[in-house]
Amino acid sequence: MSHLGETSLHYIMRKSGRKPISCQCAKCQSQCHTPCLGTPEDILKILKAGYKDRVAATQWLAGVIMGVCREPVYMIQAIQEENGYCTFFHDGKCELHELGLKPTEGKLSHHSIRVDNFNPKKSLSWLVAKEWLDPNSTAVAEICKILQE
């Protein structure tokens, strides 16, 4: 989406009120059962780093359930392995973190998010998913090109 010179990460930080955090507590690690969502820019960086075999096309349906959108959002995201964790989660850590490639939702998520303080319109997943809806996204076009190679 066009954010008037703002990166997607900074836009999502401003809209969600969240800042990047690196917590390795058990609650935060348990979030790695579901791969964190990345913006098109995040996924493009992951693809360019050579991880094409660890991402896949998916549909984000949570927004329909939360009532923030009417249809699933189609996107490319990290895959969930048969062990029930994100493909990038090993030995209690995200292998993308040290490489500076951790997707936006993972950079900003924290164990302090609870049902009683959750606002669907400001949720990290919705703010990331919206980035995939931009029809003018050059990152999405480049992702499609890379995946077709």
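Note that this is a predicted model, so its numbers are computed, not measured.

## Describing the packing of aromatic side chains
- Per the stated rule, a full pass over the model turns up three aromatic pairs.
- With a centroid separation of 5.9 Å and 20° between ring planes, the pair formed by W60 and W126 is classed as stacked. Separated by 66 residues along the polypeptide, W60 in strand β1 (residues 55–60) and W126 in helix α6 (residues 124–131) bring together distant segments of the chain. Of the two residues, W60 and W126, both sit in the buried class.
- With 4.9 Å between their ring centres and 15° between their planes, Y85 and F89 make a pair best called stacked.
- Given the relative accessible area of 24%, Y85 is considered partly exposed.

## Brief notes about the environment of K107
- For K107, the location among the structural elements is in helix α5 (residues 104–108).
- Expressed as a C-alpha distance, the spacing of K107 and C36, which sit 71 residues apart in the sequence, is 8.8 Å.
- Residues in contact with K107, not counting those within four places in the same chain, are L9, K19, P20, I21, D42 and K102.

## Some details on the side chain of D134
- Topologically, D134 is positioned in the loop between α6 and α7 (138–148).
- We note that D134 is buried and unpaired, the nearest opposite charge coming from K130 at a distance of 12 Å.
- Among the polar contacts made by the side chain of D134, one reaches the main-chain amide nitrogen of N136 at a distance of 2.9 Å.

## Observations regarding α7
- Among all positions in α7, only A139, V140, I143 and I146 are buried. The buried residues of α7 all sit within an arc of 125° when viewed along its axis, so they share a single face. Away from its buried face, by an angle of more than 90 degrees, α7 presents the exposed residues T138, K145 and Q148.
- Where α7 is buried, its residues contact α3 (40–48) and β2 (73–78).
- For α7, the capping residue at the N-terminal end is S137, with a side-chain oxygen 3.4 Å from the backbone nitrogen of A139.

Reading the values: rules and limits
- Residues numbered from 1 in each chain as written.
- Predicted model: local features only at pLDDT ≥ 70, side-chain atom pairs only at ≥ 80, totals over all residues.
- Heavy atoms only, no water.
- Phe/Tyr/Trp six-rings, centres within 6.5 Å; stacked < 30°, edge-to-face > 60°.
- Helix = DSSP H or I, 4+ residues; strand = E, 2+ residues; numbered from the N terminus.
- Buried < 20%, exposed > 50% of the residue type's maximum accessible area, 1.4 Å probe, protein only.
- Contact = heavy atoms within 4.5 Å.
- Lys, Arg positive; Asp, Glu negative; His and termini not counted.
- Salt bridge = Lys/Arg side-chain N within 4 Å of Asp/Glu carboxyl O.
- Polar contact = N/O pair within 3.5 Å; in protein donor to acceptor, adjacent residues only side chain to side chain.
- Arc of directions from axis to C-beta.

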